[in-house]
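Single-letter residue listing:
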Amino acid sequence: MKTLNLHNVGIRSLVAATAIVAISVAVPPAIGAEKFPEKPIQFLIPFDPGGQSDTAVILLRPGLKEKLGVDIVAQHRPGGGGAVGWTMLAQEKPDGHMMAVTNLPHVVIQPLMTKGVKYKTEDLAPVYMYAESPGGIAVRKDDDRFKTLQDLIDFAKANPAKLSMGGVGKFTGNHLGFLQFVQMAGVDVSYVSFNGAAPQTAALLGSHVMAIYGGTFIFADKRDEFRVLAIATDERLPDFPDAPTFKELGFDLVGGIDRGVTVPAGTPKERIDMLADAIRYAAGKKEFIDGMEKLGFHLVNHGPEEYAKIIQARKLQYLKVLKDGGFLN
Amino acid sequence: MEWLGPAVANVFALGNLLGLTAAVAGGILVGALPGLTGTMAIALMVPFTYPLSPEAALIILGGIYVGAMYGGSISAILINTPGAPAAIATTFDGYPMATQGRAEEALCAAATGSGVGGLLGTVVLLFFAPALAVVSLKFGPPEYFWLGVLGLTIIASLSARNIYKGLLGGLFGVLLSTVGLSPSTGEARLTFDTTNLLGGVEVIVALIGLFCVPQVLIMAEEARRQEGLLLFKPERGRTLRTFFVVLRCWGNLIRSSVIGVVVGIIPGAGGNVAGLLSYQETVRAARDKDSFGKGNIEGVIASETANNAAVEGSLVPLLTLGIPGAPQAAVLYGALLLHGLRPGAELFTGQGAVVTYTFIFSLFLANLIMFAIGISASRVYARLLNLPTNLLMPVILALSVVGAFAGRNSSFDVGMMMTLGLVAYGGLKVGLAAAPIALGVILGPIMERGLVESMMLSRATGGLLDLLFTRPLSLVLIAMTAISLGWPLIVKGWNRWRGRDVAPPAKPTAETAPSDGPGRVAADVWLGVPGLVIAVVVWHQLADIELQTAVVPGVSAALISIVSLGFLVRAARNRLRGPAAIARPAAESERGHAPAAMIVAVAYVLLIPLAGFFVTTFGAMLTLGWVLAAPDKRRRQLSRIVLTAALVCAAFYLIFGTIFNVPFPKGLLF
């Protein structure tokens, strides 16, 4: 019985201690007065270890630690295409000690389109945008029917719904790019949503679909097998000198996945700026640039204000696509 | 061939050899611990291998992959819990062997099978990779659908005499797998509008809940009966004898290796499907089918040989096409790219070839090291069975918590694990085994993705039925499914035609508990009512959802309601026919300490968010150690219980916290 008694006493003191902690949390000291950062910074990754966001954090961490002088603790909270992690960030104390890898269009689309998502885009305060993964259309190199984008459009016009195009997920960067393309070209193409870039690539390699709308990073890998018909960037990419942009072909289509870092809304501006400076430093290091370019990322450097503007502009763009497509009222 | 010399030299460089050995050993440990998977370990090691040369990095990551795949068998055999999803079929015969005092044999068989499968797989990878890469591209959406269906038919052979219960379990598993965002439409279903459920039910969390928790509670039931009973008695020369027994099953070894490699090559299938399919084929090829599931060594060999052959299989499309065949290979893909290596032709010519062949040669060595460690340590692992239940059982419980938490840093997952565990324990009491549910969880997503992608694709090709039923490879898979379902009937018909005696039906085993007698009516009611409730709740949740999001959960719920109604009708008929047969509460001796253990386990999980992992674990270990000990020995054991609890907490901190850098659930207080 001795142990059980001890256990009871333990619980009683636990309860008492909880009350104390609860009170001290409820009455926080004024934020901003003290030193920042005062403890390790949590870097939330709303995806699995080993994925693209994880890799970016691995490469950013050494520079961040150097600049901020505290440990950067990577924390994975995958689930719901990132929604679980961003919801957690939105509920976090806005003191700058937690930041998260953040992707567009995800954080714009999820609150609009996914039932059960509890955060809003505005709950995440932009800190820094470090990379873009532009989208584009590719077909098999040995498919003589489609030498140019126009061939593809002609085929789709002559055979409504008969052209199959693979993408990753629905209302994702791929799918929104696809929707803009079919809306602008005025064609009916059948979209097949795969569960990731690997199955999408395999589906085109195996001729299960006729074309794919995907990230340019997968095209870089498949130079010998795929023909890139168009890319959604402002200018041609050095990696694909022969691939025209949609703009050149008369479609005002630019976009893909925008990758950045956010903190909970309400974080003091000076802390956001400190974090942004640290990321700018870490993202300027050779290891980061080399590693990211090997993975096919297109690197950019946008501070808090620019990043906020990009989010706003993208939001309007996506809303229009969704409304024109009849997915939103 | 100019790569041959440098590649061989690389593999045998001292640093690489040491790194490989450590990686294999670490992989075995990770694989053996339920909840820590090879995928996770490889991903966590990627940053540490980044500064190394590409050869060294790949050698280490490949070593972990190989070791972890075998490691999963250790917990499957000793505590009936697959340490990783791929070891699920190993539990079917491995654990029964352990309960018969044949744990060492089972462990040797697993090590030998894994070694042979891995070595044959590496030979295939070395010589036939480019030729076989084509196979991986033949699988389109319809083929994935049929592959999932084929896998699910294993339920029929797993639960031969209990087909409806197996079906109910499998459907429930498929339903569990559909919680959260649909992978194809991005639409949420069965989430009850909560964010936590948006992430769905992690496979590993489900496996720990379904296998570990009931196992722990069964240990509590049996604690008193097994007082002082030694489950494992070491015997000289048994390891060597077993090794030759396994080699004599060469047909099984080769068949399972082939199945493993082929399934491994199919992107997205991997070791878990390989182990299950090869188990299925081995049962079908065997003469004494009834001995499977009761400790047939061939079952262990089939599962373990195939899942390790699948390791190398999954590398075939990765290295040749840049398409990973399994989640572990997907993480390796990231590592390859980080080192500036682009899969494809580049990896097989020039400087790239040195790296690639160093990697492939290191896999030979990794499999040999794994085999050596496995064979020599089997006896040590088996001794774990002789630990007193009151000390071992709380450790397994704590491992379950760490494992459930580690995947996504989520306390919600810990609660999910415990909930599923209690459901699975209840299921066991009415004859519903955990394995069919787990099969549903693992194979459901493969089937669903295949079906929904086919639905989308059929808009372009014209006609879903055409797409599903006319492609050649699909037809092969359909034929295999039909054979798998119809085989027992074919055998019976053949025997009758030849005038042979049909074997008398075997007696129900313990697993299929109350299939007759007064308990049966109650069991049918206990299966039927929750089944109907689940079906109604699911339909309610699926209202106003797109067809492609709702089709698989909807159809599963419909089938569940039909099977459940069947149980209820049978219960009503038996009730009318026979004397009033009402559930009698299990006798005190049968339940043993299970109710107390259940209360402690639930309290444990509930208190973690308050007091943190270590304090709560220490408390749970003391309580369980005390409760499960024989009443007259409690006082004498007290110091031992306290000491073990302290040591285990320290070991958790060191192994998980320091070596693997796995997070622990934090409480408000600690």
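Basis of the calculations
Residues numbered from 1 in each chain as written. Chains lettered and ligands numbered in written order. Predicted model: local features only at pLDDT ≥ 70, side-chain atom pairs only at ≥ 80, totals over all residues. Helix = DSSP H or I, 4+ residues; strand = E, 2+ residues; numbered from the N terminus. Buried ≥ 20, exposed ≤ 12 C-beta atoms within 10 Å, placed from the backbone. Contact = placed C-beta atoms within 7 Å. Domains from an automatic or database assignment. Nonpolar A, V, L, I, M, F, W, Y, C, P; charged D, E, K, R; others polar. Axes fitted to C-alpha atoms, helices over the stretch in contact; angles between N-to-C directions. Left-handed = near helix turned anticlockwise from the far one by under 90°. pLDDT = per-residue confidence, 0-100. Pairing = 2+ DSSP bridges. Core = buried A, V, L, I, M, F, W, Y, C linked by C-beta atoms within 7 Å. Parallel < 35°, antiparallel > 145°, perpendicular 65-115°, else oblique.

> Could you give me a rundown of the overall build of chain B, with the residues and numbers involved?
Check the secondary structure of chain B and you find 28 helices and 2 strands. Within the span of chain B, comprising 670 residues, buried residues form 59% of the whole. Taking the intrachain contacts of chain B between residues at least 6 apart in sequence as the baseline, contacts between residues at least 24 apart amount to 80%.

> Break down the overall build of chain A for me, with residues and values.
Helices and strands together make up the secondary structure of chain A, namely 11 helices and 10 strands. Residue burial in chain A is summarised as follows: out of 329 residues, 51% are buried. If you take every contact in chain A between residues at least 6 apart in sequence, the share linking residues at least 24 apart comes to 76%.

> Describe the domain arrangement of chain B, and please don't skip the residues or the numbers.
Residues and elements named next belong to chain B. One can read the domain layout of chain B as domain 1 (4–228 + 239–487) and domain 2 (519–583). Across the contact, 22 residues belong to domain 1 and 21 residues belong to domain 2. Only α9 (163–177) and α20 (434–461) provide two or more residues apiece to the side of domain 1 that touches domain 2. Top contributing element to the side of domain 1 that touches domain 2 by residue count: α9, with 8 residues.

> Lay out unusual backbone geometry with the relevant residues and their values.
Of the consecutive residues A:F36 and A:P37, the connecting peptide bond is found in the cis state with omega at -10°. Within the fold, A:P37 resides in the loop between α1 (2–26) and β1 (41–45). Positive phi values are uncommon outside glycine, yet A:F171 reaches one of about 55°. Checked against the element boundaries, A:F171 lands in the loop between β5 (164–168) and α6 (173–185). Exposure remark for A:F171: the 26 C-beta atoms within 10 Å place this residue in the buried category. One non-glycine residue with positive phi stands out, namely B:N409, at about 55°. Note that B:N409 resides in the loop between α18 (389–406) and α19 (411–429).

> Give me the lowdown on the interface of chain A and chain B, citing residues and values where you can.
Taken together, the contact pairs 53 residues of chain A with 56 residues of chain B. Elements with a contribution of two residues or more to the side of chain A that touches chain B: α1, α2 (52–68), β2 (72–76), α3 (83–90), β6 (190–194), α7 (197–205) and α10 (286–294) of chain A. The dominant element in the side of chain A that touches chain B, judged by the number of residues it contributes, is α1(A), at 7 residues. The class makeup of the residues in the side of chain A that touches chain B is 21 nonpolar, 24 polar and 8 charged.

> Kindly report on α7(A), identifying the contributing residues and their values.
Given 3.6 residues per turn, any residue in an α-helix points the same way as the ones three and four places further on. Where burial is concerned, most of α7(A) is hidden: 9 out of the 9 residues are buried. Taken as a whole, α7(A) has its buried residues at A:A197, A:A198, A:P199, A:Q200, A:T201, A:A202, A:A203, A:L204 and A:L205.

> Residues and numbers for the domain arrangement of chain A, please.
All names here are of chain A. Domain annotation of chain A identifies domain 1 (41–131 + 256–324) and domain 2 (133–231). Taking the mean C-alpha position of each, domain 1 and domain 2 sit 28 Å from one another. Taken together, the contact between domain 1 and domain 2 spans 13 residues of the former and 14 residues of the latter. Secondary-structure elements contributing two or more residues to the side of domain 1 that touches domain 2 are α4 (106–113), β9 (256–264) and α11 (304–324). Considering each element in turn, the side of domain 1 that touches domain 2 owes the most residues, 3 residues, to α11. In the side of domain 1 that touches domain 2, the residues fall into 9 nonpolar, 3 polar and 1 charged.

> I'd like a rundown of the packing of helix α15 (residues 297–321) of chain B against helix α16 (residues 327–338) of chain B, residues and numbers included.
Residue and element names in this part refer to chain B. Contact geometry of α15 with α16 gives a least axis separation of 9 Å together with a crossing angle of 35°. As for the relative orientation of α15 and α16, their crossing is right-handed in sense. Mapping the contact onto sequence places S314, L315 and L318 in α15 and Q328, A329, L332 and Y333 in α16. Counted by class, the contact of α15 with α16 contains 5 nonpolar, 2 polar and no charged residues.

> Quick rundown of the confidence of the model for chain B? Include the residues and the values.
A low pLDDT means the predicted coordinates there should not be read in detail. Residue and element names in this part refer to chain B. Put simply, chain B has an average pLDDT of 88, and 93% of its residues get 70 or more. Here residues 502–516 scores under 50 on pLDDT; set against residues more than four positions off or in separate chains, the count is 19 contacts. Confidence metrics for the complex model read pTM 0.88 and ipTM 0.88.

> Tell me what's going on with α4(A), and back it up with residues and numbers.
Buried residues of α4(A): A:H106, A:V107, A:V108, A:I109 and A:Q110, and no others. Buried residues in α4(A) make contact with α3, β3 (98–104), β4 (124–140) and α11 of chain A.

> Got a sec to walk through the pairing of β3(A)? Specific residues and values, please.
All names here are of chain A. Most of β3 sits out of view: 6 of its 7 residues are buried. Where β1 meets β3, 3 bridges bridge the pair, whose relative direction is parallel. Its bridge partner lying in β3, Q42 is registered against M98. Here β3 pairs with β9 via 5 bridges, running antiparallel. Within β9, the residue paired with T102 across the bridge is G260.

> Requested: an account of the nonpolar core, with residues and values cited.
Counting residues in each nonpolar core, the largest one holds 320 residues, and the members touching the most others are A:A211, A:I279, B:I77 and B:A438. Top element by residues in this core is helix α4 (residues 54–79) of chain B. It accounts for 16 residues. When sequence neighbours within four positions are dropped, the list of residues in contact with A:A211 reads A:I137, A:A138, A:V139, A:F146, A:L152, A:L163 and A:M165.

> Tell me about the pairing of strand β7 (residues 211–215) of chain A, and name the residues and values.
Residue and element names in this part refer to chain A. Most of β7 is tucked away, with 5 of its 5 residues classed as buried. For β4 and β7, the ladder comprises 5 bridges, and the chain directions are antiparallel. Across the sheet, the residue bridging to I137 is Y213, located in β7. The pairing of β5 with β7 spans 2 bridges and is parallel. Along β7, the bridge assignment pairs G166 with I212.

> Tell me about the packing of α9(B) against helix α24 (residues 547–577) of chain B, and please be specific about residues and values.
Residue and element names in this part refer to chain B. Between α9 and α24, whose axes approach to 9 Å, the crossing angle comes to 155°. In terms of their interaxial angle, α9 and α24 are classed as roughly antiparallel. Viewed along their axes, α9 and α24 form a crossing whose handedness is left-handed. In contact with Y164, L167, L168, L171, F172, V174 and L175 of α9, α24 contributes V552, P553, S556, A557, L559, I560, V563 and G566. Here the residues of the contact of α9 with α24 sort into 13 nonpolar, 2 polar and no charged.

> Would you mind going over the environment of B:E304 in detail, with residue names and values included?
Residues and elements named next belong to chain B. Structurally, E304 can be placed in helix α15. Spatially, the C-alpha atom of E304 lies 32 Å from that of R471, the residues being 167 residues apart in sequence. Excluding anything up to four places from it in sequence, E304 contacts Y70, S73, T90, A110, G113, S114 and G117.

> Describe in detail the environment of B:I608, supporting the description with residues and values.
Residues and elements named next belong to chain B. Summarising the element assignment, I608 is placed in helix α26 (residues 594–611). Separated by 197 residues in the primary sequence, I608 and S411 place their C-alpha atoms 8.6 Å from one another. Ignoring any residue separated from it by four or fewer positions in sequence, one finds I608 in contact with V401, S411, V414, F613, T616, P665 and G667.

> Would you mind going over the environment of A:A197 in detail, with residue names and values included?
Residue and element names in this part refer to chain A. Checked against the element boundaries, A197 lands in helix α7. Given 20 C-beta atoms within a 10 Å radius, A197 is considered buried. Taking C-alpha positions, A197 is 11 Å from Q52, a pair spaced 145 residues apart along the chain. Non-local contacts of A197, meaning those with residues more than four positions away in its chain, are made with V168, G214, G215 and I218.

> Provide a residue-level description of the confidence of the model for chain A, including the pertinent values.
Residue and element names in this part refer to chain A. Overall, the predicted model of chain A reaches an average pLDDT of 88, with 90% of residues at or above 70. Here residues 1–9 scores under 50 on pLDDT; set against residues more than four positions off or in separate chains, the count is 5 contacts. Here residues 24–32 is a poorly scored stretch, pLDDT under 50, and it has 3 contacts once near neighbours within four places are set aside; other chains count.

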